[in-house]
Amino acid sequence: MTVRILRGDCRDVLATLPDGSAACAVTSPPYWGGLRDYGDPRQLGLERQPEDYVTALVEVYREVRRILAPDGSLWVNVGDVYAASGKGGGGNQGDRHAWATVKERKGFRMPPEGYKMKDLTLVAFQLANALRKDGWYLRSTVIWCKPAAVEPMRLDRPAVSHEYLFLLTPGEHCRVRNPGEAWWGHSVWEIAPENDAEHPAAFPAELPRRCIVASTQEGDCVLDPCSGHGTTGFVADRLKRDAVLVELIPGYADRADARIRQDLFAGAMQ
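What counts and how
Residues numbered from 1 in each chain as written. Predicted model: local features only at pLDDT ≥ 70, side-chain atom pairs only at ≥ 80, totals over all residues. Heavy atoms only, no water. Buried < 20%, exposed > 50% of the residue type's maximum accessible area, 1.4 Å probe, protein only. Helix = DSSP H or I, 4+ residues; strand = E, 2+ residues; numbered from the N terminus. Axes fitted to C-alpha atoms, helices over the stretch in contact; angles between N-to-C directions. Parallel < 35°, antiparallel > 145°, perpendicular 65-115°, else oblique. Left-handed = near helix turned anticlockwise from the far one by under 90°. Contact = heavy atoms within 4.5 Å. Nonpolar A, V, L, I, M, F, W, Y, C, P; charged D, E, K, R; others polar. Core = buried A, V, L, I, M, F, W, Y, C linked by side-chain atoms within 4.5 Å. pLDDT = per-residue confidence, 0-100. Polar contact = N/O pair within 3.5 Å; in protein donor to acceptor, adjacent residues only side chain to side chain. Lys, Arg positive; Asp, Glu negative; His and termini not counted. Salt bridge = Lys/Arg side-chain N within 4 Å of Asp/Glu carboxyl O. Phe/Tyr/Trp six-rings, centres within 6.5 Å; stacked < 30°, edge-to-face > 60°.

1. Here's the deal with helix α5 (residues 231-238)
- Burial of α5 is extensive: seven of the eight residues sit out of reach of the surface.
- Buried within α5 we find T231, T232, G233, F234, V235, A236 and D237.
- Once α5 ends, the next one or two residues include K240, with phi positive near 65 degrees.

Here it is, written out as structure tokens:
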């Protein structure tokens, strides 16, 4: 099968792709709040307000909707984010005094206008609702449950060990179907993250695999507009699907290309 890696800002690159050319899209955009700074000011997630981040993604996925077949599907993996962040530095004492010095530490983010210290932004659900209002059909919310916490517990709140996966479709009727696997009977999917030294926020291969087998047939095309180091394309190729990946950061695009080529070579040698 063919995996194309297109380099550049997805807001520019997607405009070059033809209408109705993909059966599904599986993606995980950079999360809001600059949790991961990839060194390019054009990256998504650096917006000051969560609402601006949502607006930017609605525009991206509006273009994705054009590229999808009328009965296609979009799977978006996104996590919630706290309004303020010490990015690992303090804030774990459970009282206001704990914030006294951390505000001046490198990397600390004060809450944006309209949010308070310790607020969850609910940015994941803001995005899902904005996409619904923009014309998408919001078909399902899946909880990606991780065996280990990714945000540590604090004195005054539990740890965080989940993210969200939204299934959206351009129309009422779609080609998504039960693939005959046990996980389809649940809306909480327990999937362990994969450690990846090449990318700090890569999702595990099992997550896009489930989306792809439920949404496509062999020979279909899968799109990822924020592909990172290419997990969606890597999985699509193994499942005998074509893939189109878009990536802003040259190093991640190079890594994706090398990873997929290596897997193709290993498969040819078997």
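2. Side note on the packing of helix α2 (residues 50-67) against helix α3 (residues 123-133)
- Relative orientation of the contacting elements α2 and α3 amounts to 40 degrees, with a least axis distance of 9 Å. Taken together, α2 and α3 sit at an angle that is classed as oblique. Handedness of the α2/α3 crossing: right-handed. Note on element contacts: α3 touches α2 through V123, Q126, L127, A130 and L131, opposite P50, E51, Y53, V54, L57, V58 and Y61.
- When its residues are assigned to classes, the contact of α2 with α3 shows 10 nonpolar, one polar and one charged.

3. Details of the packing of helix α4 (residues 206-215) against α5
- With their axes 9 Å apart at the nearest point, α4 and α5 run at an angle of 50 degrees to one another. Compared by their axis directions, α4 and α5 come out oblique. The hand of the α4/α5 crossing is right-handed. For the pair α4 and α5, the contacting residues are P208, R209 and I212 in the first and T231, T232, V235 and A236 in the second.
- Residues of the contact of α4 with α5, tallied by class, amount to four nonpolar, two polar and one charged.

4. Regarding the nonpolar core
- Counting 39 residues, the largest nonpolar core has L14, Y61, V64, L74, W136 and L223 as its most contacted members.
- Among the elements of the structure, α1 (10-13), β2 (22-27), α2, β3 (68-78), α3, β5 (162-169), β7 (221-224) and β8 (242-247) are those that each provide at least two residues to this core.
- Residue contributions to this core peak at nine residues, all from α2.
- The residues touching L14, leaving out its near neighbours within four places in the chain, are V60, E63, V64, R66, I67, L223, P225 and V246.

5. Here we look at the confidence of the model for the chain
- Overall, the predicted model of the chain reaches an average pLDDT of 87, with 84% of residues at or above 70.
- Counting interchain partners and residues more than four positions distant, the pLDDT-below-50 stretch residues 88-106 has 24 contacts.

6. Side note on the environment of R11
- Structurally, the position occupied by R11 is in helix α1.
- Overall, R11 belongs to the partly exposed group, its relative accessible area being 35%.
- In the structure, R11 is positioned 52 residues away from E63 in sequence and 8.1 Å away in space, judged by C-alpha atoms.
- Dropping the residues within four chain positions of it, R11 is found in contact with R42, L44, A56 and V60.
- Looking at R11, its side chain comes within polar contact range of the main-chain oxygen of R42, at 2.6 Å.

7. Observations concerning the side chain of R241
- Tracing the backbone through its elements, the reader meets R241 in the loop between α5 and β8.
- Put simply, R241 is tucked away with no salt bridge, and the nearest opposite charge, on E218, sits 4.9 Å away.

8. Describing unusual backbone geometry
- Of note in the backbone geometry, L122 takes a positive phi value of approximately 55 degrees without being a glycine.
- Topologically, L122 is positioned in the loop between β3 and α3.

9. What about the packing of aromatic side chains?
- Under the criterion given, the structure shown has six aromatic pairs.
- Both rings, one in F125 and one in Y164, keep their centres 4.7 Å apart while their planes meet at 65 degrees; by these two values the pair is edge-to-face. Of the two residues, F125 sits in helix α3 while Y164 sits in strand β5, which places them 39 residues apart along the sequence.
- Ring centres of Y164 and F166 lie 6.2 Å apart, and the angle between their planes is 15 degrees; this geometry places the pair in the stacked category. Each member of the pair, Y164 as well as F166, is classed as buried.
- Three or more aromatic residues link up through ring pairs in this structure, and these residues are W75, W183, W184 and W189.

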